[in-house]
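For reference, the chains in residue letters:
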Amino acid sequence: MSLYKAFFKIVRKNWVSIVIFFGITLGIIALLSGIYKQKADEKAVMDSYSIYVEDEDQSEASKALVTYLSKVHSVYSEKLTEDGIRDNLYYEQIVSCIRIPKGFGETFLTTGENQVVNTYDDSMPVGISISLQIDNFLESMRSYVLSGDSVADAAAKATESLDVAKYVTIRADERASNGGLRGAFNYLPFGILSVLITGIFPVVAGFNQGEKKNRIQVSAMAPGKRTTWILAASATFAAAVLVILVVVATISGGSGVSGGNMPGSGTDASAASRTMEVFTETWWLAVLNAFVFSAVVAMLISMLANVPFFAKAPATVFSTIVGLGFCFLGGTFVPLSVLGDSVKAVGRFLPTYWYSVANDRIFTGGNISDLWECFALQLVFGFACLFIGLAAARISAERKQVA
């Protein structure tokens, strides 16, 4: 028990570095998961551009078209000459000039002929997009008029039917519920790496060096018992760090993992319901993924502490280099879909890469059967580090005996 207490006494000496890395991690989780939730809450809108409209017809149909275009785009209000139109198109002050000729309304509603002229720069495809919007609106409005609606009612129904926000929002609702949570858990590896290395590495390395090692070896405590107490203390520290990070990630990421729940919306009752839904299979799998990664990091620390070349280095060096390096190459800070093939080729040898792959699978509907490969490859890396550390410790001990 004395060794267990001594472990945390040494940890307290490094509390400043631990708090700094904790603060950086919590800041990253809170800031970036908030961006995830903000994007999840946004509704899709159509791109808006500056256009110029000349309504020479002034009929009910032409006015309905101008009203629709005004809702989607910014209509240039000043009267322009032909030279002014050309200049504004050239300097991209407007992207399109729309002319509605006299007699358009009567001709269109009777025969369906579209006489609207859209003038735009051929090098800018946005002009084609605006022409398609005009055609879709007019065809939709005319179909409602032919079914018996007035022009005003037909225009209102056509505008509503062309509102893409309604259709895209349905898909956003299905994925927004885990957007923030997915992002928050995706950033956990940096905190786990930096905080565990800062807290555990200097203690374990110190126990293996100099006067501390000699005193431990000549004490009455059996070697197996010494190892057990060190492992228990390390596991306690790692578990406490993992619990804190998971709680922060859950709170920052927003409650609600199952489909159909929009973070930050709804009544208090629905918010309470979403809080209970955090403890679903998806959430537990994300926690399990973080637990496996923490175990791998502990094995990595055992190697760093037992290899003499690494054991003498400051803990903050490993926290920074290993933490940032692993996270940038492993898809923690940069999504895997954005990483280049050469970076992925290197990242596949790191546990952070397979943590990110598992996290993506978890929050896209995967179950435990989809994660065994990711867990196994993380543990392969961990056991490789563990065996290297044990071999290095044995070789170092044999050399000291020979000397």
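All values derive from a computational prediction rather than experimental measurement.

### Let's talk about the overall build of the protein chain
Part 1 of the argument: Counting its secondary structure elements, the protein chain contains 19 helices and four strands.
Part 2 of the argument: Counting every position in the protein chain, which comprises 403 residues, the buried fraction comes to 43%.
Part 3 of the argument: The long-range share in the protein chain, meaning contacts at least 24 apart out of those at least 6 apart in sequence, stands at 73%.
Part 4 of the argument: Split by element, the accessible area of the protein chain, about 20800 Å² in all, is 62% carbon and sulfur.

### Observations concerning the packing of aromatic side chains
Part 1 of the argument: Enumeration according to the criterion identifies 13 aromatic pairs in this entry.
Part 2 of the argument: Ring geometry for Tyr 90 versus Tyr 91: centroids 5.0 Å apart, planes at 90 degrees, classification edge-to-face. With respect to burial, Tyr 90 and Tyr 91 carry one shared label: exposed.
Part 3 of the argument: An aromatic cluster is built from Phe 190, Phe 328 and Phe 333, whose rings are joined through pairwise contacts.

### Let's talk about the sheet that holds strand E2 (residues 74-75)
Two modes of strand pairing occur in sheets, parallel and antiparallel, and in both the strands are linked by backbone hydrogen bonds.
Part 1 of the argument: In spatial order, the strands read E2-E1-E3-E4; together these four strands make up an open sheet with mixed pairing. Where the open sheet ends on each side, the last strands, each with one partner, are E2 and strand E4 (117-119).
Part 2 of the argument: Taken strand by strand, helix H3 (residues 60-72) contacts strand E1 (50-55), E2 and strand E3 (96-100), and its axis lies near 170 degrees from that of E1.
Part 3 of the argument: Each of E1, E3 and E4 is contacted by helix H4 (residues 82-90), which is oriented at about 145 degrees to E3, the strand it contacts most.

### Considering the pattern of salt bridges
Part 1 of the argument: Evaluation of the coordinates by the stated rule reveals seven salt bridges.
Part 2 of the argument: The salt bridge partner of Lys 79 is Glu 54, with a shortest N-O separation of 3.9 Å. In this pair, Lys 79 is assigned in the loop between E2 and H4 and Glu 54 in strand E1, connecting sequence segments 25 residues apart.
Part 3 of the argument: Given the relative accessible area of 11%, Glu 54 is considered buried.
Part 4 of the argument: The closest approach of N and O atoms between Glu 373 and Arg 361, which form a salt bridge, is 3.6 Å. Of the two residues, Glu 373 sits in helix H19 (residues 372-402) while Arg 361 sits in helix H18 (residues 351-362), which places them twelve residues apart along the sequence.
Part 5 of the argument: On the basis of relative accessible area, Arg 361 is assigned to the partly exposed category, the value being 29%.

### Description of the nonpolar core
Part 1 of the argument: One finds Phe 185, Leu 188 and Phe 237 to be the most contacted residues of the largest nonpolar core, which totals 71 residues.
Part 2 of the argument: Considering every element that reaches this core, the biggest residue donor is helix H14 (residues 281-306), with 14 residues.
Part 3 of the argument: Membership of the second largest hydrophobic core comes to 26 residues, among which are Ile 51, Ala 61, Ile 100 and Phe 104.

### So, unusual backbone geometry
Part 1 of the argument: One non-glycine residue, Gln 58, lies in the positive phi region at around 55 degrees.
Part 2 of the argument: Locating Gln 58 in the fold gives a position in the loop between E1 and H3.
Part 3 of the argument: Judged by its relative accessible area of 48%, Gln 58 is partly exposed.
Part 4 of the argument: With a phi angle near 65 degrees, Glu 92 is a residue other than glycine that sits in the positive phi range.

### Describing the confidence of the model for the protein chain
Parts of the model with low pLDDT should not have their predicted coordinates read in detail.
Part 1 of the argument: When pLDDT is averaged along the protein chain, the result is 79; 79% of the residues meet or exceed 70.
Part 2 of the argument: Segment residues 169-177 is flagged for pLDDT under 50; beyond a separation of four residues in sequence, or across chains, it makes 19 contacts in the model.
Part 3 of the argument: The low-confidence segment residues 255-276, where pLDDT is below 50, has 43 contacts with residues more than four positions distant or belonging to other chains.

### Description of the side chain of Ser 62
Part 1 of the argument: Tracing the sequence through the fold places Ser 62 in helix H3.
Part 2 of the argument: When neighbours within four sequence positions are excluded, Ser 62 is seen to be in contact with Asp 55, Asp 57, Ile 100 and Phe 104.

### Re the packing of H3 against helix H7 (residues 151-161)
Part 1 of the argument: Where H3 contacts H7, the two axes come as close as 10 Å, and the packing angle between them is 25 degrees. What the angle tells us is that H3 and H7 run roughly parallel. Pair H3 / H7 crosses with right-handed handedness. Across the interface between the two elements, Glu 60, Ala 61, Ala 64, Tyr 68 and Lys 71 of H3 pack against Val 151, Ala 152, Ala 155 and Thr 159 of H7.
Part 2 of the argument: Class assignment of the residues belonging to the contact of H3 with H7 gives a composition of six nonpolar, one polar and two charged.

### Quick word on the pairing of E3
Part 1 of the argument: Among the five residues of E3, five are classified as buried, and the element is accordingly described as predominantly covered.
Part 2 of the argument: The sheet contact formed by E1 and E3 spans five bridges and is parallel. Bridge pairing in E3 places Tyr 52 opposite Cys 97.
Part 3 of the argument: With three bridges connecting them, E3 and E4 associate as antiparallel partners. Across the sheet, Ile 98 pairs through a bridge with Asn 118, a residue of E4.

### Re the packing of helix H5 (residues 104-111) against helix H6 (residues 126-146)
Part 1 of the argument: Running from amino to carboxyl end, H5 crosses H6 at an angle of 65 degrees, the nearest separation of the two axes being 10 Å. With respect to H6, the element H5 is oriented roughly perpendicular. For the element pair H5 and H6, the recorded crossing hand is right-handed. For the pair formed by H5 and H6, the contact residues are Phe 104, Phe 108, Leu 109, Thr 110 and Thr 111 on the first element and Leu 138, Glu 139, Met 141, Arg 142 and Val 145 on the second.

Calculation notes
- Residues numbered from 1 in each chain as written.
- Predicted model: local features only at pLDDT ≥ 70, side-chain atom pairs only at ≥ 80, totals over all residues.
- Heavy atoms only, no water.
- Helix = DSSP H or I, 4+ residues; strand = E, 2+ residues; numbered from the N terminus.
- Buried < 20%, exposed > 50% of the residue type's maximum accessible area, 1.4 Å probe, protein only.
- Contact = heavy atoms within 4.5 Å.
- Areas by Shrake-Rupley, 256 points an atom, 1.4 Å probe, with all protein chains shown as cover.
- Phe/Tyr/Trp six-rings, centres within 6.5 Å; stacked < 30°, edge-to-face > 60°.
- Pairing = 2+ DSSP bridges.
- Axes fitted to C-alpha atoms, helices over the stretch in contact; angles between N-to-C directions.
- Salt bridge = Lys/Arg side-chain N within 4 Å of Asp/Glu carboxyl O.
- Core = buried A, V, L, I, M, F, W, Y, C linked by side-chain atoms within 4.5 Å.
- pLDDT = per-residue confidence, 0-100.
- Parallel < 35°, antiparallel > 145°, perpendicular 65-115°, else oblique.
- Left-handed = near helix turned anticlockwise from the far one by under 90°.
- Nonpolar A, V, L, I, M, F, W, Y, C, P; charged D, E, K, R; others polar.

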